Amino acid sequence: EAAIELGHLHFAWHIPDLRHPDVAALDVLAVLLGSGHSSRLYQEVREKQGVVHQADAWTYNPGNPGLFGLSAVVDADKFEPARAALLAEIEKLKHTPVSAAERQKAVKQFISATLATRKTMQGQAQDLGGSWLATGDLNFSQRYLATVKRVTPADLQRVAGEYLTTENRTLYALLPNGTSPKSSAVIETNREQAIQKFTLANGLRLLVKEDHRLPFVEFRAVFQGGVLAESADNSGITQLLSRLVVKGTRTRSAEQIANEIESVGGNLDSYGGNNSFGVNAEVLSWD
């Protein structure tokens, strides 16, 4: 919630990276749903049902796995019906094939919008640069447009059913103060454990804090010293010492130390700071 007048909501589904053959169909699906005044979201959700001020569909493909999304601006009291209406359009795509005419319209809209970005030298440069950064292929966008042209109504129905699932979906909403619906989610909380202090017979102080969220035991041995204890004559000696600490002892060589800690999936390292230096270790609790 925030001090705003209108609500904003976004659905997003994870989709593959740009080079995956299904992404072209998902791009066409986004155009079909949310591009222009003849799109399904504009006609059905905005004009007929009147539950949104605006709604669109989009894909985000940075070169890595991306997102397919729906976005809308709503009155606070229309949030629930708007959410249901948007998802209903997704369900229609899964169960009712897209007509050849609607598929053709969406493909032409996508091609037109893509080619329009190349009207200027800057746009052409961005097209080449984007293709290279995302795929390592300067000619990728040309081949991609050819793939878009081959998308069929069956492809659109298949990708809708495969990717736009409940399990793959995230909803984000920012709503006016005091208007968000109560969440039915169960939130797990972690009870904070107090830090316990023990003083051993040799004067060593041991601080212990329990945290059972993950099965690890973390150790840090801390000694006073560091940069503030150095002089002009021995400047840097703390860093040198910290690096040598794990290079071998009277009972183990550096290789033996590394082998022993790594054989149980743990790690051991050392550090030198401004006013302290020491050794860190991490192992699974059963080791």
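Each remark here, short or long, concerns the structure printed above.
The notes below deal with the structure included here. Just so you know, the residues in each chain are numbered from 1, in the order the chain's sequence is written. Per-residue local features of the predicted model are confined to residues with pLDDT of at least 70, and side-chain atom pairs are confined, for both listing and counting, to 80 or more; whole-chain, interface and lining totals are unaffected and use all residues. Where side-chain values are given, they derive from all heavy atoms of the structure, hydrogens and water being excluded.

The next thing to look at is the side chain of Arg-103. Secondary structure follows DSSP: runs of H or I at least 4 residues long count as helices, runs of E at least 2 residues long count as strands, and numbering of each begins at the N terminus. Positionally, Arg-103 belongs in helix H4 (residues 100-116). Burial classes follow relative accessibility: with a 1.4 Å probe on protein chains only, a residue under 20% of its type's maximum area counts as buried, one over 50% as exposed, and anything between as partly exposed. Two residue types count as positive, namely Lys and Arg, and two as negative, namely Asp and Glu; His and chain ends fall outside the count. When a carboxyl oxygen of Asp or Glu is within 4 Å of a side-chain nitrogen of Lys or Arg, the pair counts as a salt bridge. For Arg-103, which is buried and forms no salt bridge, the nearest opposite charge comes from Asp-155, at a distance of 7.5 Å. For this analysis, a polar contact is any N or O atom pair within 3.5 Å, provided that within protein one partner can donate a hydrogen and the other can accept it, and provided that sequence-adjacent residues contribute only side-chain to side-chain pairs. Within the structure, Arg-103 has its side chain in polar contact with the backbone oxygen of Val-151 (distance 2.6 Å). Dropping the residues within four chain positions of it, Arg-103 is found in contact with Val-98, Val-148, Lys-149, Arg-150, Val-151, Thr-152, Pro-153 and Leu-156. In what follows, a contact means two residues having at least one pair of non-hydrogen atoms within 4.5 Å.

Taken as a whole, this structure holds 13 salt bridges when the rule is applied. Arg-158 is the salt-bridge partner of Asp-22, the closest N and O atoms lying 2.8 Å from each other. With Asp-22 in the loop between strand S1 (7-15) and helix H1 (23-34) and Arg-158 in helix H7 (residues 153-163), the pair connects residues that are 136 residues apart, well separated along the chain. A relative accessible area of 8% means that Asp-22 is categorised as buried. The shortest N-O distance in the salt bridge between Arg-252 and Glu-260 comes to 2.9 Å. On the basis of relative accessibility, which here comes to 37%, the residue Arg-252 falls in the partly exposed class.

Within the largest apolar cluster, 49 residues are counted, with the highest numbers of intra-cluster contacts made by Phe-68, Leu-70 and Leu-86. In terms of residue count, H1 provides more of this core than any other element does, ten residues in total. Excluding its chain neighbours within four sequence positions, the residues that come into contact with Leu-86 are Leu-9, Phe-11, Leu-41, Val-45, Ala-55, Leu-70 and Ala-72. The nonpolar core is taken to be a set of buried Ala, Val, Leu, Ile, Met, Phe, Trp, Tyr and Cys residues, with the residues joined through side-chain atoms within 4.5 Å.

All right, on to the packing of H1 against helix H3 (residues 79-95) then. To get an axis, fit a line to the C-alpha atoms, keeping to the stretch in contact for a helix; angles then go from 0 to 180 degrees between the N-to-C directions. It is the contact of H1 with H3, at a shortest axis distance of 12 Å, that shows an interaxial angle of 125 degrees. Here H3 runs oblique to H1, going by the angle between their axes. Relative to H3, H1 is oriented so that their crossing is right-handed. Contacts between H1 and H3 involve Leu-29, Leu-32 and Leu-33 from the former and Glu-89, Ile-90 and Leu-93 from the latter. Here the nonpolar group is Ala, Val, Leu, Ile, Met, Phe, Trp, Tyr, Cys and Pro; Asp, Glu, Lys and Arg are the charged ones; every other residue, Gly included, is treated as polar. Grouping the amino acids of the contact of H1 with H3 by side-chain chemistry returns five nonpolar, no polar and one charged. An angle counts as roughly parallel when it lies under 35 degrees, as roughly antiparallel when it exceeds 145, as roughly perpendicular when it falls between 65 and 115, and as oblique in every other case. Crossings are classed by handedness, with left-handed meaning an anticlockwise turn of the near helix from the far one by less than a right angle and right-handed meaning a clockwise turn.

Time to look at helix H6 (residues 140-149). Turning to H6, its buried residues number three or more, namely Phe-140, Ser-141, Tyr-144, Leu-145 and Val-148. The arc enclosing the buried residues of H6, seen along the axis, measures out at 135 degrees, which places them on a common side. Buried residues along H6 sit against H1, H4 and helix H5 (121-135). Arc, as used here, means the arc of the directions from the helix axis to the C-beta atoms.

Treat this as a map of the structure, not an account of what it does.
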